[in-house]
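What follows is each chain in one-letter form.
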Amino acid sequence: MYRILVVDDSSVVRNLIERISIKEDLTVIAKASNGEEALELYKRHKPDLVTMDLTMPKMDGIECIEQIIGADPDALILVVSALSDKFTLLQAIDRGARGFLNKPIDEQTLLDAIQKVLATREN
Amino acid sequence: MKENKPVSGLKRYQGMLLSFVAYTLVVVGLLYYNYRISQTSEMIGYQNDIIGRLSDDTIMMHSAANEVLADALRGRNEKVDQQAKTITDTLAGLQLYFDALERGGSYGDLGYDTPVDALTNPEHIKRLASFNNIINNFKLLWTEAFQVPEGSEQASIQSFDLTNLSRAVDLINGSMNNIYDIYIEDTWSENLAQMAKYAAYSRNIMIAIGVITALYFIVFVFYFVRRLGVADRKLALATREIEDIMETVKEGLFLVDKELTVGSQHSSQLKHIIGQDNIANQKLEQVLGKVIPGDALESTRLFINQLMNKKVVPELIDTLNPISRVRMKTNFSDPERWLSFNFSRVMDQEISRILVSVADITKEVELERRLEEAKAKHDEQIELLSSLLSSDPHLVEAFLEKSRKTASYINNVLREEGYDVRELKRKIDIIFREIHSLKGEASAVKLSAYVSLCEVFENRVQVLKRQPDLTGDDFLSVAVYLEELEVLNDRATTVFSRLGGNRDHGTAHLATGMVDNSHGLDLLNSLAQQAAKRNGKQVRLCSENTSHLPQNVQQPLQDILIQMVRNAVVHGIETPEQRQQVGKQKEGNIRIRFAEKNGQGVLSFEDDGRGIDFDQLARIAKERGIAPDNGDGYSRNKLIAVMFASGVSTVKTNSEDAGRGVGTSIIQDRLRQINGKISVNSQPGQLTRFVIAFPM
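What you see is a predicted model; the values in this text were computed from it and never measured. (Residues numbered from 1 in each chain as written. Chains lettered and ligands numbered in written order. Predicted model: local features only at pLDDT ≥ 70, side-chain atom pairs only at ≥ 80, totals over all residues. Heavy atoms only, no water.)

Some thoughts on empty space enclosed by the protein
The gaps of empty space that remain are located by a probe, the size of a water molecule, rolled over the atoms. All names here are of chain B. One pass over the full model with this rule turns up three cavities of 30 Å³ or more. Taken as a whole, the second largest cavity encloses approximately 60 Å³ of empty space. As for the second largest cavity, its lining consists of Ile51, Leu54, Leu119, His124, Arg127, Leu128, Phe131, Tyr183, Ile184 and Thr187. Every element with two or more residues in the lining of the second largest cavity is listed here: α2 (14–74), α4 (122–145) and α5 (162–248). Broken down by class, the residue content of the lining of the second largest cavity amounts to seven nonpolar, two polar and one charged. (1 Å grid on protein atoms, 1.4 Å probe; cavity = no way out; pocket = protein on both sides within 12 Å on 5 of 7 lines; lining within 4 Å. Points joined across faces, edges and corners; volume = space filled by probe spheres on them. Helix = DSSP H or I, 4+ residues; strand = E, 2+ residues; numbered from the N terminus. Nonpolar A, V, L, I, M, F, W, Y, C, P; charged D, E, K, R; others polar.)

Focus: the interface of chain B and chain A
Tallying the contact residues gives 16 residues for chain B and 20 residues for chain A. Summing both sides of the interface, chain B and chain A together bury roughly 1600 Å²; the carbon and sulfur share of this comes to 68%. Considering only the side of chain B, the residues that lose the most area to chain A are Lys311(B), Leu316(B) and Leu320(B), jointly responsible for 44% of the buried surface there. Remark: the boundary between chain B and chain A carries one salt bridge. Across the pair Lys311(B) and Asp74(A) runs a salt bridge whose closest N-O atoms are separated by 3.8 Å. Across the chain B-chain A interface, the total number found is six residue pairs in polar contact (both at pLDDT 80 or more). Residues that form the side of chain B that touches chain A fall into these classes: eight nonpolar, five polar and three charged. (Contact = heavy atoms within 4.5 Å. Buried area = accessible area lost by both parts, 1.4 Å probe. Salt bridge = Lys/Arg side-chain N within 4 Å of Asp/Glu carboxyl O. Polar contact = N/O pair within 3.5 Å; in protein donor to acceptor, adjacent residues only side chain to side chain.)

Some remarks on the packing of aromatic side chains
All names here are of chain B. Scanning the entire structure with this criterion turns up 12 aromatic pairs over all chains. Between Phe98 and Phe131, the aromatic rings sit 5.0 Å apart at their centres with planes inclined by 85°, giving edge-to-face as the arrangement. Here Phe131 lies in helix α4 and Phe98 lies in helix α3 (residues 77–103), a separation of 33 residues in the sequence. On the accessibility criterion, Phe98 (0% relative accessible area) is buried. Assessed through its relative accessible area of 2%, Phe131 is described here as buried. Ring-pair connections join several aromatic residues into one group, and the members of that group are Phe20, Tyr23, Tyr216 and Phe220. Arg325 extends its terminal NZ or CZ atom over the ring of Trp338, reaching a point 5.5 Å from the ring centre. (Phe/Tyr/Trp six-rings, centres within 6.5 Å; stacked < 30°, edge-to-face > 60°. Buried < 20%, exposed > 50% of the residue type's maximum accessible area, 1.4 Å probe, protein only. Lys NZ or Arg CZ within 6 Å of the ring centre and 35° of its normal.)

As for helix α11 (residues 421–445) of chain B
Residue and element names in this part refer to chain B. Over its 25 residues, α11 extends 36 Å from the first C-alpha to the last, a length consistent with the 36 Å expected when each residue adds 1.5 Å. Within α11, 19 of the 25 residues are buried, which leaves it mostly tucked inside the rest of the structure. Looking one or two places after α11, you find Lys446, whose phi comes out positive at around 65°. (Expected span 1.5 Å × (residues − 1).)

Things to note about the packing of α11(B) against helix α16 (residues 551–572) of chain B
All names here are of chain B. Between α11 and α16, the least distance of the axes is 10 Å, while the angle of their chain directions is 75°. As summarised for this structure, α11 and α16 are arranged roughly perpendicular, according to the angle between their axes. Judged by residue contacts, His436, Ser437, Gly440, Glu441 and Ser443 of α11 engage Gln555, Gln558, Asp559, Ile562, Gln563 and Arg566 from α16. Partitioning the contact of α11 with α16 into residue classes produces one nonpolar, seven polar and three charged. (Axes fitted to C-alpha atoms, helices over the stretch in contact; angles between N-to-C directions. Parallel < 35°, antiparallel > 145°, perpendicular 65-115°, else oblique.)

Observations concerning the sheet that holds strand β8 (residues 539–544) of chain B
Residues and elements named next belong to chain B. Here we have five strands laid out as an open sheet, ordered β8-β9-β10-β12-β11, and mixed in their pairing. The open sheet has two edge strands, β8 and β11 (677–683), and neither has a second partner. Sheet twist, expressed as the average angle between the axes of neighbouring strands with direction ignored, equals 15°. Sheet topology note: the β11/strand β12 (residues 687–695) ladder contains seven bridges and is antiparallel. Bridge pairing in β12 places Gln683 opposite Leu687. Each of β8, β9 (588–597), β10 (600–607), β11 and β12 is contacted by α16, which is oriented at about 20° to β10, the strand it contacts most. (Pairing = 2+ DSSP bridges.)

In short, shape yes, function no, at least from these values alone.
The following block contains the structure:
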């Protein structure tokens, strides 16, 4: 059972990801709507994987990724974003995200991506 | 491909090593065996040595004993004494030898002790035992004969027992044959034979080692060296295959290591594709820098670094490849070229390198462009077709007629003499007006193909209008657009006539001079409704007696009315909410009336909107730098003139409907055409009214 932290400023997206995750052995243990919250919740719950939106108030995705990796270098982060700007997405990967998905997300693509990211964990 | 990979390191030589180890073991084993044999042989030698001594001593003892007896019988007692001692000593010595042979030990000679093992041959042991037995018996008898009385150490001359002495000597004499022949001789020669056998073994072992070595060497050379030859051939074959692949493959392929250094091999097509040949061992940035634009280089470096990162999932960043489709850096005069780069990880237990593949996709890009163009053209056609179909055919026909006329008129204008700046400016103004007007009508008839063309045409002309200097060359672009217009006219006319739209209702015009002007009205209505929709307003247009408008003034009046309708909808009439607030009905009203009076035609245009905003006009006039009349104010007439003059518009944005301030100059132009005069009446918040009078 893998524990997931969902970070997105849209409650629709948060709920969508939660609904998709329920079907597999994934549990959404917390949801955050901005970067600050995300960092806080990450430190508290230490989830197995984080889905991260990039455009958020208070602290954007890139910054948040940097902070989380700073606190835990082995954190597994999957970016889920509507941005199509390659450079920004590359920045996100450079800061430590393991991969990204474009919105709109479909169920199978999300589940596959989560599996792939979980697989990169060094045990 | 995996099976052909050459086996690494030791495994390759496993067979060879094993055989060598086997050979060594065999040889060492043989040598050891040889050593043991020679050890044994040496031991036998020592044993024989002892037997030799036994022999010698026994012989000596034998003769000595006989002499003692002889001397004893003759009474020579001193000699007996001497000999007896010798024999005693000898007997002691013999015992030592027997012990050594029986139990193993050492025997001394020339100052050092030689170790000797006990006898092992059962036959020899038996013989020795028998030998020993005899000597012991002799010893007993001898001791009896020379019994030493108690307290005395030496045998006394007087005290020997002749009987025992004789018995002893008899015993020894009797046994001598056995002793020599069997106990000593046989044993001796058997030992010699054994030693000879061992020597032979030794020789054979040496020969065997020699032969084995020679055989091994031969086998080694042929078998293993041959095997290496086979392996080398396989490797050469594989290398050859790779070379062939690299020669033939269409894409440019090369490898890049962790430090982003290019490898030593690359496919031969690479130099055709990126125009560089010796890229081996250069830095990737250097190579790419000559081929792709600078900003792409930065992102590419970032991307490749992420690909090298084993924490990242390659499938989830694949689309971030910034140069999956990139325009190649070329010299200005060279044709455009497009490249596609692809990057893949090379796994070798861990990520060791990146495989870069480049393809020239210029043709594909070209094809794509052409397809898009064709599609756009196709869509345009469909668009034209559908708009021709959806609009009222009368309106469309009238419009097309106007469009042809306009094109022809502009053509003439362009051909006119007069190339000084003032003339050229005049031409530009005319062209601008005509196109603007055409655009308006096109908008009313909803022919978007015309609206688009007129827009760009208009834009171009507007740019030229603003230019302080005009030359004949500037008109080149105008000519180009004109041609496009003519082409569009032809196309539209063709399509339209095929649709069966050219109903002939022109005859009515010629007959009466009056005309059924209903299509003109439809046009105005359509225009009004569209403009209203676009501006969020509601408008109703009604007319009175307009069917009696003479034919010769219809077109110019229509042009004027179009501008008025648009201006009324955009400026004059308020939004439904605004109207309700001031107690008006939500729908604005536009009324167009025609009457004849004293040989004059009077056309009135009235809207019940907010009236003309003279303050706004004053402001704009000031902005435009128009000189005021009295003090810093403007007279109403002046402002109305300003409104009618080209370039004044009370709407700030350049919307399709109004905005360019050119509507009023069309009005001036058309008025001139029909010799008409215009007057304005406005009540703020209530209405605006234009009255056009013209001779019939």
